[in-house]
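# Results of the structural survey
Each chain, written out:
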Amino acid sequence: MTDVPAESPPLVAHAAQFDDNTAIVMGDRQFSYRDLFEQSGRVAAALLDGRSDLQEARVAFAVPPGFEHVVIQWGIWRAGGIAVPLAVMHPPAEWSYVLQDADVAIVIASGTLFHGLLPVAAELGLSCVPGESLYERPLRSHLPPIETSRRAMILYTSGTTSKPKGVVSTHGMIAAQIQSLIDAWEWTERDVILHCLPLHHIHGIINVLCCALWSGARCEFVPRFDADLVWKRFLRPDDLTVFMAVPTIYSQLIQAWQNFTEEEKQAATAACQKFRLMVSGSAALPVEVLERWRSIAGHTLLERYGMTEIGMALSNPLHGERRPGHVGTPLPGVELRLVAEDGDEPVAGTPGEIQVRGNTVFEEYWQRPEATAGAFSKDGWFQTGDIGECHEGHIRILGRNSVDIIKTGGYKVSALEIEARLREHPWIMQCAVVGLDDVQWGQLVCAAIELQAGCDLGLRELRVWGKERLAPYKVPSRLKVVQSLPRNAMGKVVKPEVLELFSDS
Ligand code: AMP
């Protein structure tokens, strides 16, 4: 058995006991838990470069999903650093923001991402280390002890401000988030999960990757989500047991299935029988998607609710009735309450804000003490900003308490952040961004703009310009050019009226 030093990061210590089990599959390449352990030891040694401990230095890394990604994540943790995963599909402007905001000390990129990130890092006076160069270092006999109270990870999330905030979690919180899900969903080392989610978001990192590795299970990566690719993999006659995705992915799988021949449809339906669990989350699962998937796959999707700041909080049961349109009951270790506008507990069946407490809740917003303080109630509960109702103990999510937060394809985006970017366009005088409900995407990002006199801007041009500055899912997919935005007597833009401008689209 791999000799795991005492006080390794909890996930590493737990996973390393599985030794020869296959941990990661990428196409026809397989890697064991021992491979992960050994290679991450080399990465840790390389990052330490003679020092005894990275002492929570921030290490940003842009590495595609797969073995190398995990090796670098573990290497950072084992060297005592804070892992800051960068979204591989983000444009340089978004990377630059994260590198500056997190005050990153080391930047790692692999493959083609290296050439994209190198100039971004250089502009900030940072060097960019090719991931490949980290695997060649000899192992060290001693790595720093990692207490569970140490900061482990910063994930960037959009909120009601114009700038994304870094959500900091400790090793202990990550371990608590993982254990809660392992208990509730009964993960074991016999599980095999297909991973098609991004690795800069809590869903892909904790719910899929870390839960699989904690359990000694197998995590098989596809490079990115592609409905045909995923169906093709489902159809292979072997051992997938668990699948997790956002509602948009289930919609796209349904669409692809509809284009199959009768014979292909039957085979695809049969292939879904091998799974013991299919989960949906990160955005509301439309009941029509749940019903359609049930008729195709024979699975009632298990819908759960969570957030970068709190991990997963609510889940429908693994065994027992899953209620369409509901997100279930609190997960193990999660304390949850609803608070009505008057500050009291709402009458059953009436709305209140979801508030959460427990070991799974994040430590702080990185270097934003005021935002951190403002996110918690006086008596220490995290205020999610999500509004729910309780029906016989089961929670139903009604929406958010801010129109400025948009959920699209499972990503949370800030209307204010997009507006601030759009205003940088030389022709845009004013703009307002809203989310239009959509069965496939949850919401579509829609922008209404006032242009400088004599200028003309179409959606296609705006999207080309936007993609250089914003993550692809933040770029508006609907555009209305207006003479003047709807405003109230105070001159403030009235978002519900902006939304009406898109009601015909
Ligand atoms: P993120 O931090 O990006 O995971 O986004 C968290 C937000 O996603 C929550 O605050 C909710 O607004 C939303 N969300 C997550 N899961 C669900 C769900 N099952 N139903 C409705 N909204 C959800």
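Since the model is a prediction, treat every value here as computed from it, not as a measurement. (Residues numbered from 1 in each chain as written. Predicted model: local features only at pLDDT ≥ 70, side-chain atom pairs only at ≥ 80, totals over all residues. Heavy atoms only, no water.)

### Remarks on a negative patch on the surface
A cluster of acidic side chains, namely E341, D342, D344 and E345, defines a negative patch on the protein surface. Among the structural elements, D342 can be located in the loop between β16 (335-339) and β17 (352-357). The exposure class of D342 is exposed, given its relative accessible area of 60%. (Patch = residues over 30% accessible without salt bridge, like charges linked within 9 Å, V, L, I, M, F, W, Y side chains within 5 Å. Areas by Shrake-Rupley, 256 points an atom, 1.4 Å probe, with all protein chains shown as cover. Salt bridge = Lys/Arg side-chain N within 4 Å of Asp/Glu carboxyl O. Lys, Arg positive; Asp, Glu negative; His and termini not counted. Charge placed at Lys NZ, Arg CZ, Asp CG, Glu CD. Helix = DSSP H or I, 4+ residues; strand = E, 2+ residues; numbered from the N terminus. Buried < 20%, exposed > 50% of the residue type's maximum accessible area, 1.4 Å probe, protein only.)

### Let's talk about helix α4 (residues 92-101)
One turn of the α-helix equals 3.6 residues, which is why residues spaced by three or four share an orientation. Judged by how many residues are buried, α4 sits mostly within the fold: seven of 10 residues are covered. Taken as a whole, α4 has its buried residues at E94, W95, S96, Y97, V98, L99 and D101. Looking at the residues trailing α4, positive phi occurs at D103, about 50°.

### Side note on the site of the ligand
Residues in close proximity to the ligand total 16 residues, the closest being H201, E303, R304, T308 and D386. At 3.4 Å, a backbone N or O of S282 approaches a nitrogen atom of the ligand. Between the ligand and the protein, one listed contact pairs a nitrogen atom with a backbone N or O atom of A284 at 3.4 Å. About the coverage of the ligand: the protein hides 95% of its 500 Å² of free accessible area. Of all elements in the fold, only β13 (302-307) and β20 (394-400) reach the threshold of two or more residues within the shell around the ligand. Of the residues forming the shell around the ligand, the biggest block, five residues, is contributed by β13. Partitioning the shell around the ligand into residue classes produces six nonpolar, four polar and six charged. (Near = heavy atom within 4 Å. Polar contact = N/O pair within 3.5 Å; in protein donor to acceptor, adjacent residues only side chain to side chain. Nonpolar A, V, L, I, M, F, W, Y, C, P; charged D, E, K, R; others polar.)

### So, the domain arrangement of the protein
Often, the extent of an interface is quoted as the loss of accessible area upon association of its parts. Annotation of the protein at the domain level lists domain 1 (10-146), domain 2 (186-300) and domain 3 (409-500). Each of domain 1 and domain 2 has a C-alpha centre, and the two are 27 Å apart. The partner domain 2 presents 17 residues to the 24 residues of domain 1 that form the contact. The largest contributions to the domain 1 side of the interface with domain 2 come from L11, V25 and P65, which together make up 28% of the buried area. Applying the counting criterion to the domain 1 and domain 2 interface returns zero salt bridges. Where domain 1 packs against domain 2, one counts eight residue pairs in polar contact (both at pLDDT 80 or more). For the side of domain 1 that touches domain 2, the leading source of residues is strand β1 (residues 22-26), giving five residues. (Domains from an automatic or database assignment. Contact = heavy atoms within 4.5 Å. Buried area = accessible area lost by both parts, 1.4 Å probe.)

### Quick word on the side chain of E220
Summarising the element assignment, E220 is placed in strand β10 (residues 218-221). Judged by relative accessible area, which is 7%, E220 ranks as buried. A polar contact of 2.5 Å, which involves the side chain of E220, links it to the side chain of R233. Non-local contacts of E220, meaning those with residues more than four positions away in its chain, are made with V25, I193, L194, H195, R233, R236 and L240.

### Focus: the packing of α4 against helix α5 (residues 113-123)
Axis separation between α4 and α5 bottoms out at 10 Å; the angle between their running directions is 55°. By the angle between their directions, the pair α4 and α5 is classed as oblique. Remark: the crossing between α4 and α5 carries right-handed chirality. Across from P92, W95, S96 and L99 in α4, the residues of α5 making contact are L113, G116, L117, V120 and A121. (Axes fitted to C-alpha atoms, helices over the stretch in contact; angles between N-to-C directions. Parallel < 35°, antiparallel > 145°, perpendicular 65-115°, else oblique. Left-handed = near helix turned anticlockwise from the far one by under 90°.)

### Remarks on the environment of R42
Tracing the backbone through its elements, the reader meets R42 in helix α2 (residues 33-48). R42 sits in the partly exposed class, given a relative accessible area of 21%. Measuring from C-alpha to C-alpha, the distance between R42 and I72 comes to 9.6 Å, with 30 residues separating the pair along the chain. Those residues in contact with R42 that sit more than four places away from it in its chain are L134, Y135, R137, P138 and L139.

### Here we look at the sheet that holds β17
The sheet built from four strands is open, its strands ordered β16-β17-β19-β20 with antiparallel pairing. The two strands at the open ends of the sheet, each matched to only one other strand, are β16 and β20. If you compare each strand with its neighbour and ignore which way they point, the axes differ by 45° on average. Two strands pair when backbone bridges link them, and β16 and β17 are joined in this way by five bridges, in the antiparallel orientation. (Pairing = 2+ DSSP bridges.)

### So, the packing of aromatic side chains
On inspection of all chains with the given rule, the structure shows 15 aromatic pairs. Note on F362 and F376: the rings are 5.7 Å apart at their centroids and 20° apart in plane angle, and the pair reads as stacked. Residue F362 is located in the loop between β17 and β18 (364-365), and its partner F376 is located in the loop between α12 (369-375) and β19 (382-391); the two are separated by 14 residues in the primary sequence. With relative accessibility at 4%, the residue F362 sits in the buried group. On the basis of an interplanar angle of 5° and a centroid distance of 3.7 Å, the ring pair of Y411 and Y473 is categorised as stacked. A residue pair is termed long-range when its members are at least 10 positions apart, and Y411 in strand β22 (residues 411-414) and Y473 in the loop between α14 (459-467) and β25 (478-481) qualify at 62 residues. We classify Y473 as buried; its relative accessible area is 16%. Here a set of aromatic residues connected by ring pairs shows up, and it is made of W231, F234, F243, Y250, F260, F275 and W293. (Phe/Tyr/Trp six-rings, centres within 6.5 Å; stacked < 30°, edge-to-face > 60°.)

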